[in-house]
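Here is how the chains run, residue by residue.
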Amino acid sequence: MKRMLALLLALMMCFSLAACGGGGDAPTADNGGSDAQAPADGGGDAAPADGETYNIGVAIYKFDDNFMTLYRQDIQAYFDAENEKAGYEKYKVTLVDSNNDMATQTNQIQTFITQKMDAIICNLVQTSSSEQIVNLCVEADIPLVLINREPPGDEKDADGNIIDETAKVILDNPKVCYVGADARQSGTYQGEIIASLPDKGDRNGDGVVSYVMIIGDPENSDAQYRTEFSIKALKDAGIECEELVAQVGNWDTAQGQTIAANALTQFGDKIDVIFCNNDGMALGAYASITAAGRTVGEDIYLVGVDALEECVEMVNNGTMTGTVKNDDVGQANKACEVTIELLEGKDIQNYYWVDYAKVVKE
């Protein structure tokens with residue numbers, strides 16, 4: 001009997017110790033405890049269990065371009081804001097500099113494809129190579145948003161058929177689009193700024209507007225349209241025009257300065273207007289104008305495109321006749337919005353247009 005009581009007492013003590021033991025052996029998230037609860041504050045910055053990160057490759061034709069510097073910063077800022085709203089890195093953006101080299105950019109796009117990017121945004125080095133870039137992305141089934149530099153258009157032949165193969169691919173593909181501004185409009189606005197002046201651009205009063213045209217890139221449709229439509233606007237207003245110089249400056253400030261300097265040396269006071277396809281080249285042209293002893297607004301006119309901050313200031317203080325606002329924020333935001341729509345499987349348009357705006361002294 002005593003042995004039985006001792007055995008019962010020992011068993012009771014074992015049960016008591018088990019009931020009072022510490023919690024060190026309780027299941028945790030690391031050892032497979034499926035019912036473990038996260039801390040009440042959410043446990044830090046980790047993405048929610050069902051959160052998905054999208055990888056987006058962005059190729060910019062040249063990082064040190066004035067306008068595209070703003071544009072790429074706008075793209076990064078947009079996705080940063082979206083990530084902040086999501087509470088984690090929902091959109092991981094990889095920005096690359098194509099260094100104004102088409103072969104480099106093609107390799108970058110191929111690398112994005114190899115890396116299985118979820119979407120690609122591309123600012124083409126050469127619009128003439130757009131078909132190759134589009135086809136690479138279409139074959140890989142990766143959504144593509146072309147930005148800023150318009151690919152060859154959707155012009156039709158006499159039978160109503162699309163002429164350009166790139167346009168056919170874009171128009172027939174639900175995962176390819178272009179976001180940008182119509183460069184015809186920017187050229188037209190440049191011409192209208194000059195035509196609206198009291199002397200209609202004829203600064204030396206000889207009855208003809210004699211001009212210098214500093215061209216961005218002859219293969220770029222924006223440069224082509226700005227060159228053509230700025231002068232068309234003058235002629236449509238009944239103004240006689242004379243081209244003194246038309247030379248490629250490759251969107252570059254230093255090249256714009258050299259072209260303007262040479263033109264001023266050759267033609268002197270005969271030059272009424274210097275048209276520049278972008279503000280970067282206009283800044284270079286302005287340096288040459290002042291070095292030649294001439295004064296914008298008094299004996300020569302100067303117009304650009306982009307509405308860079310320093311150029312808007314120059315317009316307001318009279319040292320630049322006018323510029324045309326190329327809305328970097330509007331274009332970048334639209335490009336990002338459309339990219340997200342593509343990632344979400346939504347239907348998109350093939351072309352999105354963001355208007356330019358004239359900038360003249362108030």
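An account of the accompanying structure is given in this report. (Residues numbered from 1 in each chain as written. Predicted model: local features only at pLDDT ≥ 70, side-chain atom pairs only at ≥ 80, totals over all residues. Heavy atoms only, no water.)

Before going further, it helps to examine the packing of helix α9 (residues 279-291) against helix α10 (residues 309-317). One way to put it is that α9 packs onto α10 with a least axis distance of 10 Å and a crossing angle of 50 degrees. Taken together, α9 and α10 sit at an angle that is classed as oblique. Between α9 and α10 the crossing geometry is left-handed. Between α9 and α10, the contacting residues are Asp 279, Leu 283 and Tyr 286 on the first element and Glu 310, Cys 311 and Met 314 on the second. Considered class by class, the residues forming the contact of α9 with α10 number 4 nonpolar, no polar and 2 charged. (Axes fitted to C-alpha atoms, helices over the stretch in contact; angles between N-to-C directions. Helix = DSSP H or I, 4+ residues; strand = E, 2+ residues; numbered from the N terminus. Parallel < 35°, antiparallel > 145°, perpendicular 65-115°, else oblique. Left-handed = near helix turned anticlockwise from the far one by under 90°. Contact = heavy atoms within 4.5 Å. Nonpolar A, V, L, I, M, F, W, Y, C, P; charged D, E, K, R; others polar.)

Attention now moves to the sheet that holds strand β5 (residues 176-180). Strand order in the open sheet formed by 6 strands is β2-β1-β3-β4-β5-β11, and the pairing between neighbours is parallel. Two strands in the sheet have a free side with no partner beyond their single neighbour: β2 (91-97) and β11 (351-353). Taking each pair of neighbouring strands and ignoring which way they run, the sheet shows an average axis angle of 15 degrees. Direction of pairing for strand β3 (residues 119-122) relative to strand β4 (residues 144-147): parallel, over a ladder of 3 bridges. Bridge assignment links Ile 121 to a residue of β4, and that residue is Val 145. Lying on the sheet, helix α11 (residues 328-343) is in contact with β1 (54-60), β2, β3, β4, β5 and β11; it crosses β5 at an angle near 165 degrees. (Pairing = 2+ DSSP bridges.)

With that settled, consider the layout of surface pockets. In this structure, the largest pocket encloses a volume near 160 Å³. Class assignment of the residues belonging to the lining of the largest pocket gives a composition of 7 nonpolar, 3 polar and 1 charged. (1 Å grid on protein atoms, 1.4 Å probe; cavity = no way out; pocket = protein on both sides within 12 Å on 5 of 7 lines; lining within 4 Å. Points joined across faces, edges and corners; volume = space filled by probe spheres on them.)

Along the polypeptide, Ala 246 turns up in strand β7 (residues 241-248). Look at Ala 246 and you get partly exposed, because its relative accessible area is 40%. On a C-alpha basis, the gap between Ala 246 and Ile 214 in space is 5.9 Å, while along the polypeptide they are 32 residues apart. Excluding its chain neighbours within four sequence positions, the residues that come into contact with Ala 246 are Met 213 and Ile 215. (Buried < 20%, exposed > 50% of the residue type's maximum accessible area, 1.4 Å probe, protein only.)

On to the nonpolar core, then. Residues Phe 79 and Ile 274 are the most contacted members of the largest nonpolar core, which totals 103 residues. No other element matches the 7 residues that α11 contributes to this core. Ile 274 has contacts with Val 212, Ile 214, Ala 260, Ala 285, Ile 289, Ile 300, Tyr 301, Leu 302 and Val 303, leaving out every residue within four places of it along the chain. (Core = buried A, V, L, I, M, F, W, Y, C linked by side-chain atoms within 4.5 Å.)

Before going further, it helps to spend a moment on the packing of helix α8 (residues 253-267) against α9. Between α8 and α9, the shortest axis-to-axis distance is 7 Å and the interhelical angle comes to 40 degrees. Looking at the two axes, α8 sits oblique to α9. Judged by the twist between their axes, the crossing of α8 over α9 is right-handed. Only Gly 280, Met 281, Leu 283, Gly 284, Ala 285, Ala 287, Ser 288 and Ile 289 of α9 make contact with α8, whose side of the interface consists of Thr 253, Gly 256, Gln 257, Ala 260, Ala 261 and Leu 264.

Phi at Asn 100 is positive, roughly 55 degrees, even though this residue is not glycine. Inspection of the secondary structure puts Asn 100 in the loop between β2 and α3 (102-114). For Ala 307, which is not glycine, the phi torsion reads 60 degrees and is therefore positive. Topologically, Ala 307 is positioned in the loop between β9 (301-303) and α10.

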